[in-house]
Amino acid sequence: MDVSAIVKNFKKGHRRDYDGFVGYISDPNIENSDLIQYLKGLRECISDLGKDCEYLIGALLQVNWAYKSRAVVLEYQTVLLNLISAHSYYLRSCAKMLVKIFLPTFEKSPSATTHITDAQREKDDQAFIHVHGLLQSIAKIVPLTPQVLMPVLVGCYPFVTKDCYIHACYVRNLLQIAQYMPVLRKQILSLIVEKMLELDALAPRQDIQEVEDDVDEDMNIDDEVEMFEMDSENEESTPPLSDTGQDEKPMGHKDANKLDQLMDILLQFIYSVCHPKEEFDWEAAKSLYKDLLYVFDAIILKTYLSCHVQYILFYITSFQQQLSDGFVDYLWKKVKDPNMQPIFRQSAVAYLASYVARAKYVSVSTARTILEFMVKWVNTYIKQASYSASQADVVHHGPFYSVCQAIFYIFIFRHKEFLAEEDGMKFCASLNFQTIVTCRLNPLRICLPVVVKTFSSIARQHQIAFCDTVIEHNNRSNLPLTTLKTQGRIKLSLTNALDSFFPFDPYLLARSQRHIEPLYRDYGGQPVVTTEEQISEDEDDFLPEEAPNGASLGKSPADFILYGTSPGFKPMSMM
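Anyway, here's the lowdown on the structure attached to this text. (Residues numbered from 1 in each chain as written. Predicted model: local features only at pLDDT ≥ 70, side-chain atom pairs only at ≥ 80, totals over all residues. Heavy atoms only, no water.)

Here we take up the environment of Val375. Note that Val375 resides in helix H17 (residues 364-385). With 61 residues separating them in the primary sequence, Val375 and Ile436 have C-alpha atoms 8.3 Å apart. Once residues within four sequence positions are removed from consideration, Val375 is found in contact with Ile407, Leu431, Phe433 and Ile436. (Helix = DSSP H or I, 4+ residues; strand = E, 2+ residues; numbered from the N terminus. Contact = heavy atoms within 4.5 Å.)

Mapping Ala59 onto the fold places it in helix H4 (residues 54-61). Take Ala59: its relative accessible area is 7%, and that puts it in the buried class. In this structure, the C-alpha to C-alpha distance between Ala59 and Tyr24, residues 35 residues apart in sequence, is 9.3 Å. Filtering out sequence-adjacent residues up to four positions away, Ala59 remains in contact with Val22, Ile25 and Ser26. (Buried < 20%, exposed > 50% of the residue type's maximum accessible area, 1.4 Å probe, protein only.)

Where helix H10 (residues 185-202) contacts helix H13 (residues 282-300), the two axes come as close as 9 Å, and the packing angle between them is 45°. The orientation of H10 with respect to H13, classified from their angle, is oblique. Once H10 is placed against H13, the crossing between them reads as right-handed. The segment H10 lies against H13, with Arg185, Lys186, Leu189, Ser190, Val193, Glu194 and Leu197 engaging Ser287, Leu288, Asp291, Leu292, Tyr294, Val295, Ile299 and Ile300. (Axes fitted to C-alpha atoms, helices over the stretch in contact; angles between N-to-C directions. Parallel < 35°, antiparallel > 145°, perpendicular 65-115°, else oblique. Left-handed = near helix turned anticlockwise from the far one by under 90°.)

For the rest of this paragraph, the subject is helix H15 (residues 321-335). The terminal C-alpha atoms of H15 lie 21 Å apart, and with 15 residues this matches the ideal 21 Å at 1.5 Å per residue to within 8%. Residues of H15 that are buried sit in contact with H13, helix H14 (311-316), helix H16 (342-358), H17 and helix H18 (398-420). (Expected span 1.5 Å × (residues − 1).)

Right, let's talk about the packing of helix H8 (residues 145-155) against H10 for a bit. With their axes 11 Å apart at the nearest point, H8 and H10 run at an angle of 10° to one another. Considering their axes alone, H8 and H10 lie roughly parallel with respect to each other. Residues Met150, Leu153 and Val154 of H8 pack against Gln187, Ile188 and Leu191 of H10. For the contact of H8 with H10, the class distribution of residues is five nonpolar, one polar and no charged. (Nonpolar A, V, L, I, M, F, W, Y, C, P; charged D, E, K, R; others polar.)

Membership of the largest hydrophobic core comes to 189 residues, with the highest contact counts inside it found for Trp65 and Ile270. Here the element with the most residues in this core is H18; it accounts for 13 residues. What Ile270 contacts, discounting residues up to four positions off in sequence, is Leu288, Leu292, Ile312, Tyr315, Ile316 and Phe319. (Core = buried A, V, L, I, M, F, W, Y, C linked by side-chain atoms within 4.5 Å.)

Okay, here's the thing in structure tokens:
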């Protein structure tokens, strides 16, 4: 078949052979030998395949080439490279075709769980290799490839309802592109994190715990039944078939299971970039940290009550103390910035408190330093607010109460280390907690009751501060009320609750937990149980699962306190 003659006749107005050739190319059952012949014919007339041949090019882009023989793959790659080189307006269509290969298709299992065989995985992985090779070659001949490719990557990202395997394949390939197109890495990481946060929102902590507890109960029942059956049978039972292609048993919560696999992939990527050849590379780690910090600042920090995605910063900063100190420095600057909206300042201090308390690798000296800066900032705030503040008011002083709670929270988790230092008691006494807990702004009334009670118990035990009198007074007092005007109606609202969360509460995702667990500090003390907040004895963490009802972070107006004499932060040397 003379493809060149067919194309030239088509340009003269003869469509019959042209339409027939398009049909041959579109045949999904085409033989490899015939396809190679057609591709060679197209290669000889590349210059003639202008915009008037879009119908033919569209058929060419529908060919399932990546899963065919090596000879077909090589010939197809050559044709596509020549086509884009001669006609750059086909670049976007070609890029979309290539990216769609990252979304593998497979037969749906009749059961709820999809099983991907090893053979299917190998075929898909080989196809992905072919695509990446072609993308790299295209990028070399067309410098604008990254700019054209990124919108395609965004547009082709799988919907949240798609199978876990499709999500995992797509994210792996996005991260692979980020390796050989570093100019896109920040945008690719932003895209992945944004989509993972959607999954995170669909898998709240309480739902995960409920589903996984139900799964564990079902497993225990099944194990008991199986044990009974094995005891009652004399013949040897046949072992069950293994879950082919699955490294570990999936989580019971479908969205949590997707997020778990994606977190595992992303954390592995972070490790591989920072540890090429299994050796830590400071420059590579610093570069990736900056990209992830940008993503954190633009997306994660502004997402309220995410449960797991933020652990990517928790993980990368564990590689080097300079990264850890830099993250603390970054968060503290956010907290004390009077030009930033209160909601983001309170979110930053929540991250700071949870990070310093939970990360095993955050040194005692860093924890002491940030605690000193927090206390100094709080004392300055108290002096400035003493002339106008007559009672506790979370609406106008949200950042202040968040910092106070951060101080209590960090001290609860790290006080044993502080006291173990040679000057431990002197350091704790220098923090002068008594001034904070007895000030007119009354932080003990606003902060979470379990944090207040636990801090009070520890402080009293070591005679660092005495909070019982203030707590008892708060319990006897009526809750202060404020009037909020909403759509013409006057409504009474409680203002004595700090709507807060601790972003690094215990990690619940089963597969990716292996990266986090060695770095994570569980609460080692005994929480103080109050009548208002009963806590299970079997619960590892002393914090409540849900934030109490109260003023939302998003409802706090701009602070009216002047920060002209706000204490500065001595920058921690990072880079």
